[in-house]
Amino acid sequence: MSSRSVISLSRNFLLICSLLLHSSHCLIAPTASSWQRRLDKAFLDIDATPESRLRNFQRAVQDPSLRTDVTSAIDAIRTKGFGKGHPELINILWPEGTMARSDLEGLTALRTQLPEALKELPELVKTSREKESKMKSSPPASVDFNSLPKPDEIKEEFKNALRSTPKGLESPKYSVVRMIDGELKLGIPEKIEIRKYEAFTVATTPSMGGTGFNTLASYLFGGNEEKKAMAMTMPVFVTGGTQEDNGNDKDSPGTMKFVIPSAMSNAPPAPLSDEAVNIERVPERLVAVKAFPGLVTEDEVLRQTTALLSVLVGANVNVLDGDGVSVLQYNSPFTIPWRRRNEIAVVIEENWEDAVVVEIGAFDTWSSRTVATSWYDAGLRL
């Protein structure tokens, strides 16, 4: 084959890749260009200084790619109409990996989650009060003024309320060993991570919601036999249980778990004898994880769990316990709802060497969707 033919084939290949990248049928997510990341830093980065915001804004509007991308997005709407062209518009202007895209996805999720959360609220309050009334009241502990947060720490907490992943909090160590394509959203597949976690230690209590959180927070911040305060960690693990009382779930109310800081992981402080706190060692394991933004409601957990398990079945990944689903929550209750980082996780077997990931017909499945998968589908006009 001549060098001219090779060059011609290379050009055709690049042209095809370019067309696919800007197609809503494409299973490859477009990446953010410099102007998009600069606008993120100019308007959405909580750590940016006024000078850097102005500088990033000026560079973004001067970037030639901005005009090119906006023109391509408008052309997609003109040629395909808004109904069919809006996925391409969104993927061009707000690709995955940008803060703006994450915020839009979080706000869209709240349209469904917020009514569900309001519906669950009365039962949550009732359950919390019942559990608190059954708990033994303990004398108030003396205040250690040296343990109170410093001004810089308070400032950082305020910033964390605007971050998807808080800064300054330790989390269990893991490595991503595989990525699996999930369901399509705007023509782009979600990513399911297969993580290999190192062993870690948790404090656990057979309770969820505010009661469980307060019980574990009390232990972590010094309410233990050694009166030793530890740093807050992430994520909070919630496993099993349901807020709905069907009369048959009394023995499995669900558990909440806090990760013990690694410095004390091998010899954590003993819980108080009158507190419902136990210490457990979580062994090294393989976990499939699906991320989602917004509020954690029962219906949202069910939707995310169903989607995750469906993807794993299609990828021939064996789940060790389909009922042992954990919800991982990374943020404090003060974090703005659309910035909250949540994950659904299940423990799996390490036996995928011969597995075949089936992706045929993925776009057809998305096209025949019966639920909203974008802001346009949900009735929210851009």
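Residues numbered from 1 in each chain as written. Predicted model: local features only at pLDDT ≥ 70, side-chain atom pairs only at ≥ 80, totals over all residues. Heavy atoms only, no water.

(A) Molecular detail of the side chain of threonine 215. Of note, threonine 215 is situated in helix H7 (residues 209–220). From its side chain, threonine 215 meets the backbone oxygen of threonine 211 in a polar contact 2.9 Å long. (Helix = DSSP H or I, 4+ residues; strand = E, 2+ residues; numbered from the N terminus. Polar contact = N/O pair within 3.5 Å; in protein donor to acceptor, adjacent residues only side chain to side chain.)

(B) Local environment of the pattern of salt bridges. The final tally for this structure, using the stated rule, is 18 salt bridges. A salt bridge links aspartate 47 to lysine 167, with the nearest nitrogen and oxygen atoms 3.0 Å apart. A residue pair is termed long-range when its members are at least 10 positions apart, and aspartate 47 in the loop between helix H2 (34–43) and helix H3 (50–62) and lysine 167 in the loop between helix H6 (151–160) and strand S1 (174–185) qualify at 120 residues. For aspartate 47, a relative accessible area of 32% corresponds to the partly exposed category. The closest approach of N and O atoms between glutamate 88 and lysine 80, which form a salt bridge, is 2.6 Å. In this structure glutamate 88 comes out as buried when scored by relative accessible area, which is 11%. (Salt bridge = Lys/Arg side-chain N within 4 Å of Asp/Glu carboxyl O. Buried < 20%, exposed > 50% of the residue type's maximum accessible area, 1.4 Å probe, protein only.)

(C) Spatial organisation of the confidence of the model for the protein chain. With 73% of its residues at a pLDDT of 70 or more, the protein chain shows a mean pLDDT of 80. Counting contacts from residues 13–28, a segment whose pLDDT is below 50, to residues more than four positions away or on other chains yields 23 contacts. (pLDDT = per-residue confidence, 0-100. Contact = heavy atoms within 4.5 Å.)

(D) Spatial organisation of the nonpolar core. In this structure, Ile180, Leu312 and Ile348 are the most contacted members of the largest nonpolar core, which totals 30 residues. When residues of this core are traced back to their parent elements, those giving at least two are strand S2 (188–197), H7, strand S4 (236–239), strand S5 (255–259), strand S7 (285–293), helix H8 (298–314) and strand S9 (341–348). With sequence-adjacent residues up to four places away left out, isoleucine 180 is seen in contact with Glu190, Lys191, Ile192, Ile194, Val311, Leu312, Ala315 and Val317. Counting 12 residues, the second largest nonpolar core, distinct from the first, contains Val202, Phe237, Val282 and Leu328. (Core = buried A, V, L, I, M, F, W, Y, C linked by side-chain atoms within 4.5 Å.)

(E) Representation of the environment of arginine 38 within the structure. Looking at where arginine 38 falls in the secondary structure, it is placed in helix H2. The class of arginine 38 is partly exposed, set by a relative accessible area of 25%. Separated by 16 residues in the primary sequence, arginine 38 and leucine 54 have C-alpha atoms spaced 9.9 Å apart. Leave out the neighbours within four places in its chain, and arginine 38 touches Asn56, Arg59, Ala60 and Asp63.

(F) Looking closely at unusual backbone geometry. Going from methionine 234 to proline 235, the amide bond is cis rather than trans, its omega being -5 degrees. With respect to the helices and strands, proline 235 occurs in the loop between H7 and S4. A positive phi angle, near 50 degrees, is found at lysine 227, a position not held by glycine. Here lysine 227 shows up in the loop between H7 and S4. Of the residues examined, lysine 227 reaches a relative accessible area of 72% and is grouped as exposed. Within the chain, asparagine 316 stands out as a residue other than glycine whose phi angle is a positive 60 degrees. In this fold, asparagine 316 is placed in the loop between H8 and strand S8 (326–329). Exposure remark for asparagine 316: the relative accessible area of 41% places this residue in the partly exposed category.

(G) Examining the sheet that holds S8 more closely. Strand order across the open sheet formed by nine strands is S1-S2-S7-S9-S8-S4-S5-S3-S6, with antiparallel pairing between neighbours. The two strands at the open ends of the sheet, each matched to only one other strand, are S1 and strand S6 (278–282). This sheet shows a mean twist of 30 degrees between the axes of neighbouring strands, independent of strand direction. Sheet topology note: the S8/S9 ladder contains four bridges and is antiparallel. In the strand pairing of S9, serine 326 is matched with alanine 345. Together, strand S3 (200–205), S4, S5 and S6 form the strand contacts of H7, whose direction differs from that of S5 by roughly 30 degrees. (Pairing = 2+ DSSP bridges. Axes fitted to C-alpha atoms, helices over the stretch in contact; angles between N-to-C directions.)

(H) Structural detail: a nonpolar patch on the surface. Together, Leu114, Leu118, Leu121, Leu124 and Val125 make up a nonpolar patch on the protein surface, roughly 410 Å² of accessible area in all. Note that leucine 114 resides in helix H5 (residues 99–134). (Patch = residues over 30% accessible without salt bridge, like charges linked within 9 Å, V, L, I, M, F, W, Y side chains within 5 Å. Areas by Shrake-Rupley, 256 points an atom, 1.4 Å probe, with all protein chains shown as cover.)

(I) Fine view of the packing of aromatic side chains. Applying the stated criterion across every chain yields a total of five aromatic pairs. Judged by centre distance (5.0 Å) and plane angle (45 degrees), the ring pair of tyrosine 174 and tyrosine 197 falls under tilted. In this pair, tyrosine 174 sits in strand S1 while tyrosine 197 sits in strand S2, placing the two residues 23 residues apart along the sequence. By relative accessible area, tyrosine 197 is classed as buried at 5%. Geometrically, the ring pair formed by tyrosine 197 and phenylalanine 200 is tilted, given 6.2 Å between the ring centres and 55 degrees between the ring planes. Through pairs of rings, three or more aromatic residues link up here, namely Tyr174, Tyr197, Phe200 and Phe237. One cation-aromatic arrangement involves arginine 341 over tyrosine 330; the distance from NZ or CZ to the ring centre is 3.8 Å. (Phe/Tyr/Trp six-rings, centres within 6.5 Å; stacked < 30°, edge-to-face > 60°. Lys NZ or Arg CZ within 6 Å of the ring centre and 35° of its normal.)

(J) Quick look at the environment of glutamate 298. Within the fold, glutamate 298 resides in helix H8. On a C-alpha basis, the gap between glutamate 298 and glutamate 120 in space is 8.4 Å, while along the polypeptide they are 178 residues apart.

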